Amino acid sequence: MKKNLLLLPILCLLVGMMGSCAKSSLAVAVDEMNKSLPESCGNGVDFTKVTYENDVVTCHFTTSEDDAITVLQGMEKLSLKWYLASSMIEENDADFMELLDALIAANAGFNFVYRGIQSGSSVTISFSPLDVQSLRNGTLKMTPMESLNVVLDVTRAELPIQLDEITTCVDIQIEDGYVVYYYIVEEDYDFLICEIDNYAKNEIRASLRDNLKLNCRDVMESCVAANCGIVYYYIGSLTSQLTDQDEFGITFTVSDLKRLLKE
C-alpha cells in the first residue's frame, strides 16, 4: 500500500485547517474548511468534507482505488491506528502541533474515514481526546516490536503476493526472534526444490540481499530495533507430497541486517 494514501490527506487537513483554528473555535474552523471542499489530495484520494459532532472532528475521504480500501480493511485496527499515528508524528511541525492544540482546547477527538467510490466500503480510524493529548506530548509511542508488527501488517493485508511466475508469498510471522516470510514455489517434475544445490541457494541469497538493500530499509530498521532477523522460507508445492526435503530457508541474522544498513 502506498503510504501517500494516508499522508496526503493529513497534509491537506493541515493546510486547510491552520489559520482559522488559532483565531476561532473549532466549529468555525470546520465550517471554513468545508467551504473549500471537496479537494483532490492526489493518488485518487479526495478530501470531501469535515464534520464536528459529539466532540469529534471527522475528516471524510473517498478513493477511486478500492484495492486501497481492501488493504486498509485487512489490517488490524490497532496496527492501522499506529500506522496513521506514526505518519502524523513524522510531520511533527508547528502547524501539526497547532492542530493538536486546537483539538485539546476543545477536548475533541478526531476520525479519518476512507470510503471506496466503487464498492462503498469504508474504514474508520479513530483517535480519542486522550490519544490527541498523547500525540501532542509525544507519549503515544510504540515499542520496537509493536512498530515491527505495524510495518509487517501493511504487507500482510495484501497477501497472497505473487512475486514471480512460480513464487508466492503466503504468510509473514514473527517466530523465535525472526520475521519469517513463507513462500510457496510452484514445481513440476523438472524443477523440485529438494534438488536445488548450494550454489543456487547462494544465488537466491544474493538476490534477496540486494532486494533488502534497495527496497526494504524500513523493514530492516524495524527488525534491528526489535532485535529480529529475517528468514525467507521456501516451500515446494509438489515435493511436499513426496519427500521431507521440500523446503529450505535463507536466513539473515540481526548482525547481517546491521551490516546491510551500513552499506
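The model shown is predicted, which means the values in this text are computed figures rather than measured ones.

Participant: Looking at this structure, how should I read the environment of I104?
Facilitator: Relative to the elements of secondary structure, I104 occurs in helix α5 (residues 94–105). In this structure the C-alpha to C-alpha distance between I104 and P129, which are 25 residues apart in sequence, comes to 6.8 Å. Not counting chain neighbours up to four residues away, the residues in contact with I104 comprise V132, Q133 and R136.

Participant: Quick question: what am I supposed to make of the sheet that holds strand β5 (residues 122–127) here?
Facilitator: For sheets, the rule is that strands pair by backbone hydrogen bonds, running either parallel or antiparallel. Ordered by their spatial adjacency, five strands build an open sheet running β1-β2-β3-β4-β5, and the pairing between neighbours is mixed. The two strands at the open ends of the sheet, each matched to only one other strand, are β1 (39–42) and β5. Between one strand axis and the next, the sheet turns through 25° on average, direction left out of account. The pairing of β1 with strand β2 (residues 45–53) spans three bridges and is antiparallel. Opposite G42, over in β2, you have V45 as the bridge partner. In the packing of helix α2 (residues 26–35) onto the sheet, the strands contacted are β2 and β3 (56–63), and the crossing angle to β2 comes to about 150°.

Participant: When you look at helix α9 (residues 217–225) in this model, what are you seeing that I'm missing?
Facilitator: Within α9 the residues assigned to the buried category are V219, M220, S222 and C223. The arc that holds the buried residues of α9, viewed along the axis, is 165°, so those residues lie on one side. Contact partners of the buried residues in α9: α7 (144–156), β8 (178–185), α8 (198–215), β9 (229–236) and α10 (254–262). Downstream of α9 by a residue or two, N227 has a phi angle that is positive, lying close to 60°.

Participant: Which parts of the structure should I look at to understand the environment of D46?
Facilitator: With respect to the secondary-structure elements, D46 resides in strand β2. Its relative accessible area of 28% is what places D46 among the partly exposed residues. Between the C-alpha atoms of D46 and S64, which are 18 residues apart in sequence, the distance is 8.7 Å. Apart from the residues lying within four places of it in its own chain, the contact partners of D46 are E39, S40, C41, H60, F61 and T62.

Definitions and limits used
All residue numbers refer to position in the chain's written sequence, counted from 1. Under the rules for a predicted model, residues below a pLDDT of 70 receive no local features and side-chain atom pairs below 80 are neither given nor counted, while totals for whole chains, interfaces and linings still include all residues. The basis for every side-chain value is the complete set of non-hydrogen atoms in the structure, without hydrogens or water. Only DSSP runs of H or I with at least four residues qualify as helices, and only runs of E with at least two residues qualify as strands; both kinds are numbered from the N terminus onward. The contact criterion used is simple: two residues touch if any of their non-hydrogen atoms lie within 4.5 Å. For two strands to be treated as a pair, DSSP must find no fewer than two bridges joining them. For every element, the axis is a line fit to its C-alpha atoms; helices are fit only across the contacting stretch, and the angle between N-to-C directions ranges from 0 to 180 degrees. Three exposure classes are used, based on accessible area relative to the maximum for each residue type with a 1.4 Å probe and protein chains only: buried under 20%, partly exposed in between, and exposed over 50%. Regarding the arc, it is the one traced by the directions from the helix axis to the C-beta atoms.

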